[in-house]
Amino acid sequence: SLWRHIEDQVFKKQIAEAAKLDPNSGEYKSKYQGNLTILYLFANVLGFVAEKLRDVAASRKLDLYFIGALVYTLALTVFVFGAQYWALEKLIPGSFQPKEEAGFWPLLGYSFGTLMTAGITRLTAVSGFAQFFSYLELVADIFILIILVFVILTILRERSKEGMDQEER
């Protein structure tokens, strides 16, 4: 619908205005030249952007971006679940045992340990909500692991494809 709106309001209006002009007049030639200039600039800008995208894809910066995004996702997941555990402990005291160790930093460590499936803290989820959030974090961990495997396989596929392309040359 957006394209139809632009076509009706912009293109058809400009075509109708240009049709009213005499093709031999100076105004018609001026508009024609202006439109060609805009079209030429637009094509050059798109060509420049396409070239830069090809350079980025060939330089492996995209791979670093994907790995950085996964590390950021892991850190954000640990922080968000750690904050949720802390809020849950404040709302429902005794959700984690031992109760005296259930502060923000220990719960952030508990979140990290849950994400890495390592029992590195003495804290344990006791209440149903705490266990639910722990299981939810494990599900998030599985999704992040699937994405990591997908990214690694994609990187390996692209490198293999580049190797085959170089052998053909």
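Since the model is a prediction, treat every value here as computed from it, not as a measurement.

K.L.:
I'd love a proper account of the environment of Leu138, names of residues and values included.
P.N.:
Looking at the element boundaries, Leu138 is found in helix α5 (residues 128-168). Taking relative accessible area as the criterion, Leu138 reaches 29% and is therefore assigned partly exposed. Note: C-alpha distance between Leu138 and Met116 (22 residues apart in sequence) is 8.7 Å. Ignoring anything within four residues of it in the chain, the contact list for Leu138 reads Thr114 and Thr117.

K.L.:
A description of the pattern of salt bridges should follow, citing residues and the corresponding values.
P.N.:
A side chain with one charge can pair with a side chain of the opposite charge if their charged atoms come near. This structure, assessed with the given rule, holds one salt bridge. For the salt bridge of Glu101 with Arg122, the shortest nitrogen-to-oxygen distance reads 2.9 Å. Here Arg122 lies in the loop between α4 (104-115) and β2 (124-125) and Glu101 lies in the loop between β1 (96-97) and α4, a separation of 21 residues in the sequence. Residue classification places Glu101 among the partly exposed positions, given a relative accessible area of 28%. A relative accessible area of 57% means that Arg122 is categorised as exposed.

K.L.:
Please set out the confidence of the model for the protein chain residue by residue, giving values where relevant.
P.N.:
Confidence in the prediction for the protein chain averages 84 pLDDT; 92% of positions are at 70 or higher. Across the protein chain, β1 holds the top mean pLDDT of 91, while helix α1 (residues 2-20) sits lowest at 70.

K.L.:
Describe the nonpolar core, and please don't skip the residues or the numbers.
P.N.:
Counting 11 residues, the largest nonpolar core consists of Phe81, Tyr85, Leu88, Phe96, Ala102, Leu107, Tyr110, Leu123, Ala125, Ala130 and Phe133. Where this core is concerned, the elements lending two or more residues are α3 (61-91), α4 and α5. In this view, Leu107 contacts Gly82, Tyr85, Trp86, Glu89, Phe96, Ala102 and Leu123; residues no more than four positions away in its chain are not counted.

K.L.:
Explain α4 to me, and be specific about the residues and the numbers.
P.N.:
Over its 12 residues, α4 extends 16 Å from the first C-alpha to the last, a length consistent with the 16 Å expected when each residue adds 1.5 Å. For α4, every residue scored as buried is listed here: Leu107, Leu108, Tyr110, Ser111, Gly113, Thr114 and Leu115. Against the buried residues of α4 lie α3, β1, β2 and α5. Downstream of α4 by one or two residues, Thr117 has phi in the positive range, about 50°.

K.L.:
How would you summarise the side chain of Thr114 if you had to cite specific residues and measurements?
P.N.:
On the secondary structure map, Thr114 appears in helix α4. Apart from residues no more than four positions distant in its own chain, Thr114 is found in contact with Tyr85, Ser134, Glu137 and Leu138.

K.L.:
Now, about the environment of Ala140: what can you tell me, with residues and values included?
P.N.:
Position of Ala140 among the secondary structure elements: in helix α5. Excluding residues within four positions of it along the chain, Ala140 makes contact with Thr77 and Phe81.

K.L.:
I'd like a rundown of the packing of aromatic side chains, residues and numbers included.
P.N.:
Per the counting criterion, the structure on display carries nine aromatic pairs. A centroid spacing of 5.9 Å and a plane angle of 50° characterise the contact between Tyr65 and Phe66, whose relative ring orientation is tilted. Exposure remark for Phe66: the relative accessible area of 34% places this residue in the partly exposed category. Taking the centre distance of 6.2 Å and the plane angle of 70° together, the rings of Phe79 and Phe104 count as edge-to-face. Here Phe79, found in helix α3, pairs with Phe104, found in helix α4; they are 25 residues apart in sequence, far enough to count as distant. Residue class for Phe104 comes out partly exposed when judged on its relative accessible area of 22%.

K.L.:
Mind laying out the packing of α4 against α5, listing which residues take part and the relevant values?
P.N.:
One can describe the packing of α4 onto α5 by two numbers: an axis separation of 9 Å at closest approach and a directional angle of 50°. The angle between α4 and α5 places the two elements in the oblique class. Seen from above, α4 lies across α5 with right-handed handedness. For the pair formed by α4 and α5, the contact residues are Tyr110, Ser111, Thr114 and Leu115 on the first element and Ser134, Glu137, Leu138 and Asp141 on the second. For the contact of α4 with α5, the residue count by class is three nonpolar, three polar and two charged.

What counts, and where the lines are drawn
Residues numbered from 1 in each chain as written. Predicted model: local features only at pLDDT ≥ 70, side-chain atom pairs only at ≥ 80, totals over all residues. Heavy atoms only, no water. Helix = DSSP H or I, 4+ residues; strand = E, 2+ residues; numbered from the N terminus. Buried < 20%, exposed > 50% of the residue type's maximum accessible area, 1.4 Å probe, protein only. Contact = heavy atoms within 4.5 Å. Salt bridge = Lys/Arg side-chain N within 4 Å of Asp/Glu carboxyl O. pLDDT = per-residue confidence, 0-100. Core = buried A, V, L, I, M, F, W, Y, C linked by side-chain atoms within 4.5 Å. Expected span 1.5 Å × (residues − 1). Phe/Tyr/Trp six-rings, centres within 6.5 Å; stacked < 30°, edge-to-face > 60°. Axes fitted to C-alpha atoms, helices over the stretch in contact; angles between N-to-C directions. Parallel < 35°, antiparallel > 145°, perpendicular 65-115°, else oblique. Left-handed = near helix turned anticlockwise from the far one by under 90°. Nonpolar A, V, L, I, M, F, W, Y, C, P; charged D, E, K, R; others polar.

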